[in-house]
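The residues making up each chain are set out below.
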Amino acid sequence: MADAVAEGARAVQGIGVELNYYVAPEALGNYDAILIGIPTYHHDMTVDMKSMFEEAAVKDVNLKGKTGAAFGSYGWSGEAPRMVIEIMKNKF
Ligand SMILES: Cc1cc2nc3c(=O)[nH]c(=O)nc-3n(C[C@H](O)[C@H](O)[C@H](O)COP(=O)(O)O)c2cc1C
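Every residue lining the ligand is accounted for by Pro39, Thr40, Tyr41, His42, His43, Ser73, Tyr74, Gly75, Trp76, Ser77 and Gly78. Take Gly75: an N or O atom from its main chain is 3.0 Å from a nitrogen atom of the ligand. Here Gly78 contributes a backbone N or O atom positioned 3.0 Å from an oxygen atom of the ligand. Protein chains bury 61% of the 630 Å² of accessible surface belonging to the ligand in isolation. The class makeup of the residues in the shell around the ligand is four nonpolar, seven polar and no charged.

Structure representation (structure tokens):
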């Protein structure tokens with residue numbers, strides 16, 4: 001899914017895309033747009049993503065003015081991408 005999203009973004013002229021499995025919270029500030037892919041498990045986002053946001057909050061990472069988006073695989077309810085969007089929008 002991430003490959004498909006990256007391919008779509010790369011098709012836009014002037015857009016540089018970096019696809020990472022993991023990004024250090026303090027490095028998030030280096031990007032103009034952040035797209036997060038995340039599956040839903042037990043009606044929740046994954047622990048590694050929660051930890052990443054927790055660390056970003058502790059380190060006071062400021063993402064104001066950046067574009068944010070989320071996508072993800074799921075079986076039936078698919079809450080995780082919405083949770084990620086909500087956190088990016090309200091906290092960061
Ligand atoms: C233990 C377990 C719990 C799951 N809980 C949910 C859930 O609450 N809601 C949902 O939509 N999908 C749920 N799923 C389906 C997963 O989201 C789906 O298998 C996953 O997105 C596949 O992506 P992945 O292989 O990258 O983890 C669950 C799957 C497993 C194995």
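Below, the discussion takes up the pairing of strand E2 (residues 67-71). Across five bridges, strand E1 (residues 33-37) lies against E2 in parallel orientation. The residue of E2 that forms the bridge with Leu35 is Ala69. For the handedness criterion, the β-α-β arrangement of E1, helix H2 (residues 47-58) and E2 is classed as right-handed.

This part covers the layout of surface pockets. Here the largest pocket is characterised by a volume of approximately 1,200 Å³. As for the largest pocket, its lining consists of 35 residues, and the residues nearest its centre are Leu19, Asn20, Leu35, Ile36 and Gly37. Those elements that place two or more of their residues in the lining of the largest pocket are helix H1 (2-10), E1 and H2. Tallied by class, residues from the lining of the largest pocket come to 23 nonpolar, eight polar and four charged. The calculated volume of the second largest pocket comes to roughly 170 Å³. Residue lining of the second largest pocket: Ile34, Leu63, Lys64, Gly65, Lys66, Thr67, Gly68, Ile85, Met88, Lys89 and Phe92, and that is the complete set. Contributions of two or more residues to the lining of the second largest pocket are made by E2 and helix H3 (80-90). Examining the composition of the lining of the second largest pocket, we find that three residues originate from one element, H3, more than from any other.

This brings us to the side chain of Thr40. Structurally, the position occupied by Thr40 is in the loop between E1 and H2. A polar contact is formed between the side chain of Thr40 and the backbone nitrogen of Ala80, at a distance of 3.0 Å. For Thr40, the residues in contact, after removing those within four places along its chain, are Ser73, Tyr74, Ser77, Gly78, Glu79, Ala80 and Pro81.

Thresholds applied
- Residues numbered from 1 in each chain as written.
- Predicted model: local features only at pLDDT ≥ 70, side-chain atom pairs only at ≥ 80, totals over all residues.
- Heavy atoms only, no water.
- Near = heavy atom within 4 Å.
- Polar contact = N/O pair within 3.5 Å; in protein donor to acceptor, adjacent residues only side chain to side chain.
- Areas by Shrake-Rupley, 256 points an atom, 1.4 Å probe, with all protein chains shown as cover.
- Nonpolar A, V, L, I, M, F, W, Y, C, P; charged D, E, K, R; others polar.
- Pairing = 2+ DSSP bridges.
- Helix = DSSP H or I, 4+ residues; strand = E, 2+ residues; numbered from the N terminus.
- Right-handed = clockwise from strand over helix to strand, strands pointing away.
- 1 Å grid on protein atoms, 1.4 Å probe; cavity = no way out; pocket = protein on both sides within 12 Å on 5 of 7 lines; lining within 4 Å.
- Points joined across faces, edges and corners; volume = space filled by probe spheres on them.
- Contact = heavy atoms within 4.5 Å.

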